[in-house]
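Residue strings, one per chain:
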Amino acid sequence: MSYNTFGRMFRVTTWGESHGIALGCVVDGCPPGIEFTEKDIQFYLDKRKPGQSRYTTQRRELDQVRILSGVVPDGDEGGFITTGAPVSMLIENTDQRSKDYHNIAQQYRPGHADYVYDIKYGIRDHRGGGRSSARETAARVAAGALARKIVPSIVIRGAITAIGPYEIKRCRWDWDEVNRNPFFSPDTEAVQVFANYLDNIRKAGSSTGAVVEIVADNVPSGLGAPVYGKLDQDIASYLMSINAVKGVEIGEGFTAARLRGEENVDEMCLDRDQNPNFCSNHAGGILGGISTGQPIVARFAVKPTSSILIPRCSIDTEHREVDVVTYGRHDPCVGIRAVPVGEAMLACAIADHFLYHRGQTGRI
Ligand SMILES: Cc1cc2nc3c(=O)[nH]c(=O)nc-3n(C[C@H](O)[C@H](O)[C@H](O)COP(=O)(O)O)c2cc1C
């Protein structure tokens, strides 16, 4: 299986399966001299960790990170400093329950990757979905936590903007609220609505989709390499690579198609200090594939979990028609835990372009 690496300068390779001994990442190209602690990485892994509320999978994983290479100790507080060598990070799997997947060893879950993995490789690790499981995204989150350290002052935050048919009200957006509720909702009033909806979904043995928005503040202008290494192109590719993501938009995205030119352009002016400024941000912080210095705003649509308790028609490995019911522990709305994963992927994309820009122009 190839293509387990992404990035040009900040190159991330992930490895490991859902029910293997461990999973992790190797970050090659991390500059020397980056200071961080295990806590800096753990903070984001804890955000993605399963089993934190009844609205996510009940698999209990500590997701404790171990830094294996590419660093030397820094100070007396357990900190590290990167040496420029590959940074390896490892997370053990401790709560696998492979017997739950016994019945799908010979059946293809509709909507999951089982069928195509068999077609492509002729062999499949059915235990927890193997490499197709979003357990792999823990490794991306670890890499993303390191990526955040590359770009000075950058702030990358994500939130849920819709679960199923229910949307947040943007006028009630409060970043402080996001980490106070189990949905990463920026709107306090939407929390109860999401909770009621998901309780019903769970009881029905069903699942639902969601929309996630990620915003990066304090992004330097000038990042992005036209014409085939555009920043928006890479962000879309990184976000689209997240399991269950079926659509990505930047700035106004699909709404831009319904706007008139004068509504969609971000007019420019000079601010009080005579510096160039934009009057709006329909572009989502990127023009011509290059960052403008405004916040980068990306959104992605996450499909409903395909492993559900409601029987769905499929076929087995002998090509007989079967009804598939997926037992085991699954997220009723995978979009919730996709929030920290989206943050990590945006961090990696921006860090990669930051290093590339510095290499080409010698600036920043
Ligand atoms: C954070 C996260 C958790 C996920 N958990 C589950 C899960 O518990 N059960 C499941 O069937 N799919 C889950 N998925 C989605 C599958 O990994 C994904 O649908 C599958 O790999 C097929 O890929 P595709 O949907 O991108 O085509 C999860 C996705 C994410 C992002």
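Residues numbered from 1 in each chain as written. Predicted model: local features only at pLDDT ≥ 70, side-chain atom pairs only at ≥ 80, totals over all residues. Heavy atoms only, no water.

Within the structure, the ligand sits among 14 residues, and Ser132, Ala244, Lys303, Ser307 and His330 are positioned closest to it. In the model, an oxygen atom of the ligand is placed 2.9 Å from a nitrogen or oxygen of the Ala244 main chain. The separation between an oxygen atom of the ligand and a polar main-chain atom of Asp331 is 3.1 Å. Protein chains shield 86% of the accessible area of the ligand, which is 630 Å² for the free molecule. A per-class count over the shell around the ligand returns four nonpolar, seven polar and three charged. (Near = heavy atom within 4 Å. Polar contact = N/O pair within 3.5 Å; in protein donor to acceptor, adjacent residues only side chain to side chain. Areas by Shrake-Rupley, 256 points an atom, 1.4 Å probe, with all protein chains shown as cover. Nonpolar A, V, L, I, M, F, W, Y, C, P; charged D, E, K, R; others polar.)

Close contact between helix H1 (residues 38-48) and helix H8 (residues 334-361) brings their axes to 8 Å; oriented N to C, the two are set at 150°. Considering their axes alone, H1 and H8 lie roughly antiparallel with respect to each other. Residue-level inspection shows Tyr44, Lys47 and Arg48 of H1 in contact with H8, the latter providing Arg337, Pro340, Val341 and Glu343. (Axes fitted to C-alpha atoms, helices over the stretch in contact; angles between N-to-C directions. Helix = DSSP H or I, 4+ residues; strand = E, 2+ residues; numbered from the N terminus. Parallel < 35°, antiparallel > 145°, perpendicular 65-115°, else oblique. Contact = heavy atoms within 4.5 Å.)

Let us now look at H8. Given 3.6 residues per turn, any residue in an α-helix points the same way as the ones three and four places further on. The first and last C-alpha atoms of H8 sit 40 Å apart over 28 residues, in line with the 40 Å expected at 1.5 Å per residue. Approximately 35° is the largest bend angle found in H8, and it occurs at Pro340. When you tally the buried positions in H8, you get 22 out of 28 residues, the bulk of the element. Following H8 by one or two positions, Gly362 has its phi on the positive side, about 70°. (Expected span 1.5 Å × (residues − 1). Bend = angle between axes of the 7 residues up to and from the residue. Buried < 20%, exposed > 50% of the residue type's maximum accessible area, 1.4 Å probe, protein only.)

In space, the three strands of this open sheet follow the order E4-E7-E6, with antiparallel pairing throughout. Every other strand in the sheet has two partners, leaving strand E4 (35-37) and strand E6 (71-74) as the edge strands with one partner each. Strand-to-strand twist in this sheet, taken as the mean axis angle between neighbours without regard to direction, amounts to 40°. Two strands pair when backbone bridges link them, and E6 and strand E7 (residues 79-82) are joined in this way by four bridges, in the antiparallel orientation. (Pairing = 2+ DSSP bridges.)

Turning our attention to the sheet that holds strand E9 (residues 155-163). Spatially, the five strands line up as an open sheet ordered E10-E9-E11-E17-E12, and their pairing is antiparallel. The sheet is open, and its two edges are formed by strand E10 (166-167) and strand E12 (245-250), each paired on a single side. Contacts between helix H5 (residues 188-203) and the sheet are confined to E9 and E10, with E9 contributing the most and set at about 55° to the helix. On the sheet, helix H6 (residues 231-240) packs against E12 and strand E17 (296-302) and is oriented at approximately 155° with respect to E12.

Counting across every chain of the model gives 27 salt bridges. Asp234 is the salt-bridge partner of Arg8, the closest N and O atoms lying 2.7 Å from each other. In this pair, Arg8 sits in the loop between strand E1 (5-6) and strand E2 (11-16) while Asp234 sits in helix H6, placing the two residues 226 residues apart along the sequence. Here Asp199 ties to Arg202 by a salt bridge, and the two come within 3.4 Å at their closest N and O atoms. In this pair, Asp199 and Arg202 are both assigned in helix H5, three residues apart and thus about one turn of the helix distant. The network of salt bridges with common partners includes Arg48, Glu61, Asp63 and Arg135. (Salt bridge = Lys/Arg side-chain N within 4 Å of Asp/Glu carboxyl O.)

Relative to the helices and strands, Phe36 is located in strand E4. Along the primary structure Phe36 and Gly78 are separated by 42 residues, whereas in three dimensions their C-alpha atoms are 9.3 Å apart. Filtering out sequence-adjacent residues up to four positions away, Phe36 remains in contact with Ile41, Ile67, Val71, Gly79, Phe80, Thr82, Leu146 and Lys149.

There is a patch of nonpolar side chains on the surface, built from Met1, Tyr121 and Ile123 and spanning about 330 Å² of accessible area. Considering the arrangement of structural elements, one finds Met1 in the segment before E1. Among the residues examined, Met1 registers a relative accessible area of 52% and is labelled exposed. (Patch = residues over 30% accessible without salt bridge, like charges linked within 9 Å, V, L, I, M, F, W, Y side chains within 5 Å.)

All right, on to the packing of H6 against H8 then. Their axes nearest at 9 Å, the elements H6 and H8 cross at an angle of 145°. The interaxial crossing formed by H6 with H8 has right-handed handedness. Between H6, through Leu231, Asp234, Ile235, Tyr238 and Leu239, and H8, the contact on the second element is made entirely by Gly342, Met345, Leu346, Cys348, Ala349, Asp352 and His353. The residue makeup of the contact of H6 with H8, split by class, is eight nonpolar, two polar and two charged. (Left-handed = near helix turned anticlockwise from the far one by under 90°.)

Another point: the packing of aromatic side chains. All told, the structure shown has nine aromatic pairs when counted by the stated rule. Measuring from ring centre to ring centre gives 5.2 Å for Tyr166 and Tyr197, while their planes differ by 65°; the resulting arrangement is edge-to-face. Taken together, the residues span a long stretch of sequence, with Tyr166 in strand E10 and Tyr197 in helix H5 at a distance of 31 residues. Connected via pairs of aromatic rings, a cluster forms that spans Tyr55, Phe183 and Phe194. (Phe/Tyr/Trp six-rings, centres within 6.5 Å; stacked < 30°, edge-to-face > 60°.)

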